[in-house]
Amino acid sequence: MTEIAIHPELEHRPSAFTQAEIGWTPWLAPLVEEELTDRHWAGLVDPSRAKSAYFMLLVRDPEILEARTKTDKDIFYNTAAGLPRADRELSATAASRLNGCIFCASVHSRFASHYSKRTSDVQRLLDEGTDTDLGSRRWNAIVEASVALTATPSAFNEEEIARLRSEGLNDLEIADVIHGAAFFNWANRLMLSLGEPTPAAEA
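A brief report on the enclosed structure follows.

Along the chain, asparagine 99 falls in helix H4 (residues 85-99). Along the backbone, asparagine 99 and tryptophan 186 are 87 residues apart, and their C-alpha atoms lie at a distance of 9.9 Å. Asparagine 99 has contacts with Thr150, Phe184, Asn185, Asn188, Arg189 and Leu192, leaving out every residue within four places of it along the chain.

Set out below in structure tokens:
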């Protein structure tokens, strides 16, 4: 199928980091539900994602999307061990803030606020950037490690690990920081290269 480029005309395109719900629109035509085969539905994993332009674009490669979605769900929803959900969402927010992905930062900052009840601290991260003091050595360490991994993955080393361990994180919790930041270091780039945020929630 021939890809068709889309040139959306947007007014009031979001230009600041926010915890408010915003949307996202693609620059390539996503599939529509009538085009989905059983293979596509399996790739979506969650049928409700057929309502999202983002996932309907990614489902053009259903096997990759299925692997991506199962990885995402395991990192952020499988909290039987390791970090609490708020700290996982903080790592994703820090990566998204550094990468400049307004849409991803909005989604994961809302989750970080919801699960931590620290809305003002999360907003300070969005407003002031990843160098700001969040009033918690533990959260500062998580952000620092997430930023180090995001900025130069190959430079991430034992110094970041040692700081996380000094704040009481065990091996599983440290792995969760790494997984959350690494996943969104990749996901941000994908979203930034395929479309742009919109004022209304569309994705």
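To continue, consider the pattern of salt bridges. In this structure the tally under the stated criterion is 13 salt bridges. Glutamate 196 serves as the salt-bridge partner of arginine 13, at 2.8 Å between the closest nitrogen and oxygen. Taken as a pair, arginine 13 in the segment before strand S1 (23-26) and glutamate 196 in strand S2 (residues 195-198) lie far apart in primary sequence, 183 residues in all. With a closest N to O distance of 2.8 Å, lysine 70 and glutamate 66 form a salt bridge. Residue lysine 70 and its partner glutamate 66 are both found in helix H3 (residues 62-77); the two are separated by four residues, about one turn of the helix. Residue lysine 70 is classed as partly exposed on the basis of its relative accessible area, which comes to 48%. On the basis of relative accessible area, glutamate 66 is assigned to the partly exposed category, the value being 24%. Through salt bridges with shared partners, a single ionic network connects Arg118, Asp121 and Arg124.

Below, the discussion takes up the nonpolar core. Judged by nonpolar contacts, the single largest core of 30 residues is most densely connected at Trp24, Leu36, Leu44, Met56, Val59, Phe184 and Met191. Of all the secondary-structure elements, those providing two or more residues to this core are helix H2 (53-58), H3, H4, helix H5 (102-116) and helix H9 (171-194). Not counting the four nearest positions on each side in its chain, methionine 191 is found in contact with Trp24, Tyr54, Cys101, Phe103 and Cys104. Ranked by size, the runner-up nonpolar core spans 21 residues in total, among them Leu90, Leu134, Ala141 and Ala181.

Turning our eyes to something else, we now look at the side chain of serine 106. Position of serine 106 relative to the elements: it lies in helix H5. On the accessibility criterion, serine 106 (0% relative accessible area) is buried. A polar contact is formed between the side chain of serine 106 and the backbone oxygen of phenylalanine 103, at a distance of 2.6 Å. The contacts of serine 106, once residues within four sequence positions are left out, are Thr18, Gln19, Ala20 and Ile22.

Two numbers describe how H4 lies on H9: the axes approach to 8 Å, and their chain directions differ by 40°. Taken together, the axes of H4 and H9 lie oblique to each other. Crossing of H4 against H9: the hand is right-handed. Seen from H4, the contacting residues are Arg88, Ser91, Ala92, Ala95, Ser96 and Asn99; seen from H9, they are Asp176, Val177, Gly180, Ala181, Phe184, Asn185, Asn188, Arg189 and Leu192. Classifying every residue of the contact of H4 with H9 by side-chain character gives six nonpolar, six polar and three charged.

Cut-offs used in this document
- Residues numbered from 1 in each chain as written.
- Predicted model: local features only at pLDDT ≥ 70, side-chain atom pairs only at ≥ 80, totals over all residues.
- Heavy atoms only, no water.
- Helix = DSSP H or I, 4+ residues; strand = E, 2+ residues; numbered from the N terminus.
- Contact = heavy atoms within 4.5 Å.
- Salt bridge = Lys/Arg side-chain N within 4 Å of Asp/Glu carboxyl O.
- Buried < 20%, exposed > 50% of the residue type's maximum accessible area, 1.4 Å probe, protein only.
- Core = buried A, V, L, I, M, F, W, Y, C linked by side-chain atoms within 4.5 Å.
- Polar contact = N/O pair within 3.5 Å; in protein donor to acceptor, adjacent residues only side chain to side chain.
- Axes fitted to C-alpha atoms, helices over the stretch in contact; angles between N-to-C directions.
- Parallel < 35°, antiparallel > 145°, perpendicular 65-115°, else oblique.
- Left-handed = near helix turned anticlockwise from the far one by under 90°.
- Nonpolar A, V, L, I, M, F, W, Y, C, P; charged D, E, K, R; others polar.

Just geometry here; none of it tells us what the structure is for.
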